[in-house]
Amino acid sequence: SQDMDNNTPASGAFKGGLGSLFGGGTPEYSNTELAGVPLTGMSPLSPYLNVDPRFLVQDTDEFILPTGANKTRGRFELAFFTIGGCCITGAAFGTLNGLRMGLTETRDMPWSKPRNVQILNMVTRQGASWANTLGSVALLYSVFGVAIEKARGAEDDLNTVAAGTLTGMLFKSTSGLRGAARGGLVGLAMSGLYALYSNWDHLKGTSPSRY
């Protein structure tokens, strides 16, 4: 029959010849050869890959760090990202706020070139103002953070809270003692909330992953 013809040695040789010719031949193993292959787990040495599976197990971090470098980025490395991110955020918020203010102030004017110019001026002015404000705050916070870290020789949440408090005080120092005190309280509250958020996993009993 047809099934019997497929199981004959000649049929197997014919399949092997075609497989070798087109490069798609699949090796056939007998039940005796497959009996020694474990179905679960991994043997010390794979008989088919000729690769020790122990080298494929990644039980350590895959980061290549210079000698003496930390696994987390320091305040100096994060300062550039913080300042740039705050400037972009301030510019985006100022642009939307300027657009809202421009449309509100010119709602009684018809759509014309003077109205468009006035809205554009409002958008530009608000975007630059907010970008400058948030960028200055981020610059002060980064400078205080790096200075406190270098002075104490340690990196912890105390540096974050101290840098935030000093940033608020200095930023509002032109408003007098009361203004500086209010700015310091705002900076203390915001930096404290950030420190609480960054340590939330640790407070819940799980190790945080900070990179």
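Under an unreviewed UniProt entry, the name given to the protein chain is Mitochondrial import inner membrane translocase subunit TIM23, and the organism recorded is Cyprinus carpio carpio. The record held by UniProt for the protein chain lists under Subunit (unreviewed entry) the comment "Component of the TIM23 complex, at least composed of TIM23, TIM17, TIM50 and TIM21." Per UniProt, the comment on the protein chain under Subcellular location (unreviewed entry) is "Mitochondrion inner membrane".

K.L.:
Please set out the side chain of Thr-160 residue by residue, giving values where relevant.
P.N.:
Mapped onto the secondary structure, Thr-160 falls in helix α6 (residues 157–171). Judged by its relative accessible area of 5%, Thr-160 falls in the buried class. For Thr-160, the contacting residues outside a window of four places in its chain are Arg-75, Tyr-141, Ser-191 and Tyr-194.

K.L.:
Give me the packing of helix α5 (residues 113–152) against α6: which residues, what numbers.
P.N.:
Relative to each other, α5 and α6 sit at 135 degrees, their axes nearing to 8 Å. As the angle between them shows, α5 and α6 are arranged oblique. Of the two possible hands of crossing, α5 and α6 adopt the one that is right-handed. Contacts between α5 and α6 involve Thr-133, Val-137, Leu-140, Tyr-141, Phe-144, Gly-145, Ile-148, Glu-149 and Arg-152 from the former and Leu-158, Asn-159, Thr-160, Ala-162, Ala-163, Gly-164, Leu-166, Thr-167, Leu-170 and Phe-171 from the latter.

K.L.:
Give a description of the UniProt feature "transmembrane region" (unreviewed entry) in the protein chain that names residues and reports values.
P.N.:
Mapped onto this structure's residue numbering, the UniProt feature "transmembrane region" (unreviewed entry) falls at residues 78–99. End C-alpha atoms of residues 78–99 are separated by 31 Å, and the span's content is 100% helix alongside 0% strand.

K.L.:
Summarise helix α4 (residues 75–105); cite the residues concerned and give the values.
P.N.:
Taking 1.5 Å per residue as the helical rise, α4 with its 31 residues ought to reach 45 Å, and the 43 Å between its terminal C-alpha atoms agrees with that figure. Where α4 is concerned, the buried positions are Arg-75, Ala-79, Gly-90, Gly-94, Asn-97, Gly-98 and Gly-102. As for α4, its buried residues are in contact with α5 and α6.

K.L.:
Hey, could you go over a nonpolar patch on the surface for me, with residue numbers and the actual values?
P.N.:
There is a patch of nonpolar side chains on the surface, built from Leu-193, Leu-196, Trp-200 and Leu-203 and spanning about 440 Å² of accessible area. Of all the secondary-structure elements, those providing two or more residues to the nonpolar patch are α7 (176–198) and α8 (200–204). Taking relative accessible area as the criterion, Leu-193 reaches 59% and is therefore assigned exposed.

Conventions we followed
Residues numbered from 1 in each chain as written. Predicted model: local features only at pLDDT ≥ 70, side-chain atom pairs only at ≥ 80, totals over all residues. Heavy atoms only, no water. UniProt positions renumbered as here; feature names shortened; annotations may be inferred. Helix = DSSP H or I, 4+ residues; strand = E, 2+ residues; numbered from the N terminus. Buried < 20%, exposed > 50% of the residue type's maximum accessible area, 1.4 Å probe, protein only. Contact = heavy atoms within 4.5 Å. Axes fitted to C-alpha atoms, helices over the stretch in contact; angles between N-to-C directions. Parallel < 35°, antiparallel > 145°, perpendicular 65-115°, else oblique. Left-handed = near helix turned anticlockwise from the far one by under 90°. Expected span 1.5 Å × (residues − 1). Patch = residues over 30% accessible without salt bridge, like charges linked within 9 Å, V, L, I, M, F, W, Y side chains within 5 Å. Areas by Shrake-Rupley, 256 points an atom, 1.4 Å probe, with all protein chains shown as cover. Salt bridge = Lys/Arg side-chain N within 4 Å of Asp/Glu carboxyl O.

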